[in-house]
Amino acid sequence: MKHVDLLEKIRDRMPPKRFEHTKGVAKTAIHLAEKYGEDKEKAEIAGILHDVVKFADKDWLKQNILSEHLDPMLLTFHHELWHGPVGSIVAKKEFFIEDEDILHAIRFHTTGRAGMSNLEKIIYIADMIEPSRSFPGIEVLRDKAEIELDHAMISCVTHSIKFLIEKKQPVYPDSFHCYNDLLNRKEK
């Protein structure tokens, strides 16, 4: 499937602003993949599909978490986290994506995890820094993404964890595991 066709297939699944965000994530992911020697096509596909079910009905997402035997702990956290894991299922079943790296990039793009591949890091970072995003500190994150992938990933996951803590929101354990894993790898 051509990527333009893939974009058209997801257009009606989200509001226009989120569609622009999705195109920005795909474009940023291609850039980062090229910069860090990763597969640009895989990065583009993961970028296009990362939010494929972001605007799906909460009950439908919940049912998919249960029926697909995803981590039930997800249901104890804000529903904003549900679209990554369920999106990876939809990418496989509806869009016939078989590549596990792409599926993991979609699944963990909001939380991160320990042992992330470079593609997973690229999608996580691209989702945070794509051109339509605007928040205090984003330029620093964009600059770091141009220098070194793991350093940028540590900065992005740190930003995300701090944001949640400041908002007095629970932090999904995968995010802490991601942060700790990145620091441990950096020290070696």
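Read on for an overview of the structure.

**Examining the overall build of the protein chain**
(1) Moving on: Along the protein chain, the regular secondary structure elements total ten helices and zero strands.
(2) Moving on: Walking the protein chain from its N terminus toward its C terminus, one meets helices and strands in the order α-α-α-α-α-α-α-α-α-α.
(3) Moving on: Computed over its C-alpha atoms, the radius of gyration of the protein chain comes to 15 Å, within 12% of the 16 Å expected for a compact globule of 188 residues.
(4) Moving on: Here the protein chain, with 188 residues, has 47% of them falling under the buried criterion.
(5) Moving on: When the accessible surface of the protein chain is totalled, it reaches about 9800 Å², and 53% of it is carbon and sulfur.
(6) Moving on: Charge separation in the protein chain, taken as the distance between the mean sites of 28 positive and 32 negative side-chain charges, equals 3 Å.

**Structural notes on helix 9 (residues 149-166)**
(1) Moving on: With 18 residues, helix 9 should reach 26 Å at 1.5 Å per residue; the first-to-last C-alpha distance of 26 Å fits that figure.
(2) Moving on: Residues of helix 9 that are buried: Leu149, Ala152, Met153, Ile154, Ser155, Cys156, Val157, Ser160 and Ile161.
(3) Moving on: In this structure Glu148 caps helix 9, since a side-chain oxygen of it lies 3.4 Å from the backbone nitrogen of Asp150.
(4) Moving on: Backbone geometry just after helix 9 places Lys168 at a positive phi near 55 degrees.

Rules of the game
- Residues numbered from 1 in each chain as written.
- Predicted model: local features only at pLDDT ≥ 70, side-chain atom pairs only at ≥ 80, totals over all residues.
- Heavy atoms only, no water.
- Helix = DSSP H or I, 4+ residues; strand = E, 2+ residues; numbered from the N terminus.
- Rg over C-alpha atoms; globule rule 2.2 N^0.38 Å.
- Buried < 20%, exposed > 50% of the residue type's maximum accessible area, 1.4 Å probe, protein only.
- Areas by Shrake-Rupley, 256 points an atom, 1.4 Å probe, with all protein chains shown as cover.
- Lys, Arg positive; Asp, Glu negative; His and termini not counted.
- Charge placed at Lys NZ, Arg CZ, Asp CG, Glu CD.
- Expected span 1.5 Å × (residues − 1).
- Polar contact = N/O pair within 3.5 Å; in protein donor to acceptor, adjacent residues only side chain to side chain.

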